[in-house]
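# Observations on chain architecture
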Amino acid sequence: ELSEAVTSDSQVDFLLAGMDAPVATCTIKAGQRGCKSDSFSALGWYWDSDGNARPQREINTRVNGQQAGGSLNVSVSPRPVVLVHGFNADWHGWDKYLGPQGYLATIGLHGYAVGDGQVQGVMKTGSLSDATARTNTIAENAVILGQFIDNVQSATGAEKVDLVVHRMGGMISRYYIDRVMTDVDVAQMIILGTPMAG
């Protein structure tokens, strides 16, 4: 919103400090003082181009190509990482990634391994200590993964999560994304050793 009404329709560009391309735009109609942009994605804003954490970002505005006074500082958080284990495994396979001394914490991220108790949700993919026990199907585990992701989102306020998946966990995650997920709640998936041919 400007301090005075504009005399003709005016384009407003919203720019992330240090960037030339606008992240959003809107048009102030003649005789009006303000406009509202459409929602826009802030995925990746937590990291600068050198891979350093940037928990605060500045948004500037241009009106008809001219820099407008004032700016807005916004707080941004990294997406939580959901770790999905594979066949005959459980969340302990991710122990080195979790906790305050884990790999994810050292790079400024918080990890949630399916079944670790931070939020509700446990997949059944088999156990080496009980090799004859019944497992869930990939489809059943995909539903559990979806509930786990929902619980992580509720706990953190995140719109999306990143997945890091191992072996059968990749097949479960692919099934979830393709056949179970209704809202796009996964931003990216990193796959480790999943047999993509089935």
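Overview of the structure. Computed from a predicted structure; not experimentally measured.

### Things to note about the side chain of Asp116
Summarising the element assignment, Asp116 is placed in the loop between strand S6 (111–113) and helix H2 (138–156). No salt bridge is formed by the buried Asp116, whose closest oppositely charged neighbour, Lys96, lies at an N-O distance of 17 Å. When sequence neighbours within four positions are dropped, the list of residues in contact with Asp116 reads Trp91, Leu98, Gly111 and Phe148.

### A look at helix H3 (residues 168–180)
Between its first and last C-alpha atoms H3 spans 17 Å; for 13 residues at 1.5 Å apiece the expected length is 18 Å, and the two agree. For H3, every residue scored as buried is listed here: Gly169, Gly170, Ile172, Ser173 and Tyr176. Viewed end-on, H3 has its buried residues packed into an arc of 165°, placing them on one side of the element. Facing away from the buried side of H3 by over 90 degrees, the exposed positions are Asp178 and Arg179. Buried residues along H3 sit in contact with strand S5 (81–84), H2, strand S7 (161–166) and strand S8 (186–192).

### Section: H2
In this model, H2 (19 residues) spans 26 Å end to end at C-alpha, consistent with the 27 Å of a helix rising 1.5 Å per residue. When we look at burial in H2, the residues that qualify are Asn141, Ala142, Ile144, Leu145, Gly146, Phe148, Ile149, Val152 and Gln153. If you follow the buried residues of H2, they end up packed against S5, S6, S7, H3 and S8. Immediately beyond the C-terminal end of H2, within one or two residues, lies Gly157, with a positive phi of roughly 80°.

### A word on the environment of Glu1
Mapped onto the fold, Glu1 is located in the segment before strand S1 (10–16). Among the residues examined, Glu1 registers a relative accessible area of 76% and is labelled exposed. Spatially, the C-alpha atom of Glu1 lies 4.0 Å from that of Gly34, the residues being 33 residues apart in sequence. Beyond its immediate chain neighbours, meaning those up to four positions away, Glu1 contacts Arg33 and Gly34.

### Some details on the packing of H2 against H3
Axis separation between H2 and H3 bottoms out at 8 Å; the angle between their running directions is 75°. Viewed along their axes, H2 and H3 adopt a mutual orientation that is roughly perpendicular. Across from Ile138, Ala139, Asn141, Ala142, Val143, Leu145, Gly146 and Ile149 in H2, the residues of H3 making contact are Met171, Ile172, Ser173, Tyr175, Tyr176 and Val180. Its residues assigned to classes, the contact of H2 with H3 shows eleven nonpolar, three polar and no charged.

How each quantity is defined
Residues numbered from 1 in each chain as written. Predicted model: local features only at pLDDT ≥ 70, side-chain atom pairs only at ≥ 80, totals over all residues. Heavy atoms only, no water. Helix = DSSP H or I, 4+ residues; strand = E, 2+ residues; numbered from the N terminus. Buried < 20%, exposed > 50% of the residue type's maximum accessible area, 1.4 Å probe, protein only. Lys, Arg positive; Asp, Glu negative; His and termini not counted. Salt bridge = Lys/Arg side-chain N within 4 Å of Asp/Glu carboxyl O. Contact = heavy atoms within 4.5 Å. Expected span 1.5 Å × (residues − 1). Arc of directions from axis to C-beta. Axes fitted to C-alpha atoms, helices over the stretch in contact; angles between N-to-C directions. Parallel < 35°, antiparallel > 145°, perpendicular 65-115°, else oblique. Nonpolar A, V, L, I, M, F, W, Y, C, P; charged D, E, K, R; others polar.

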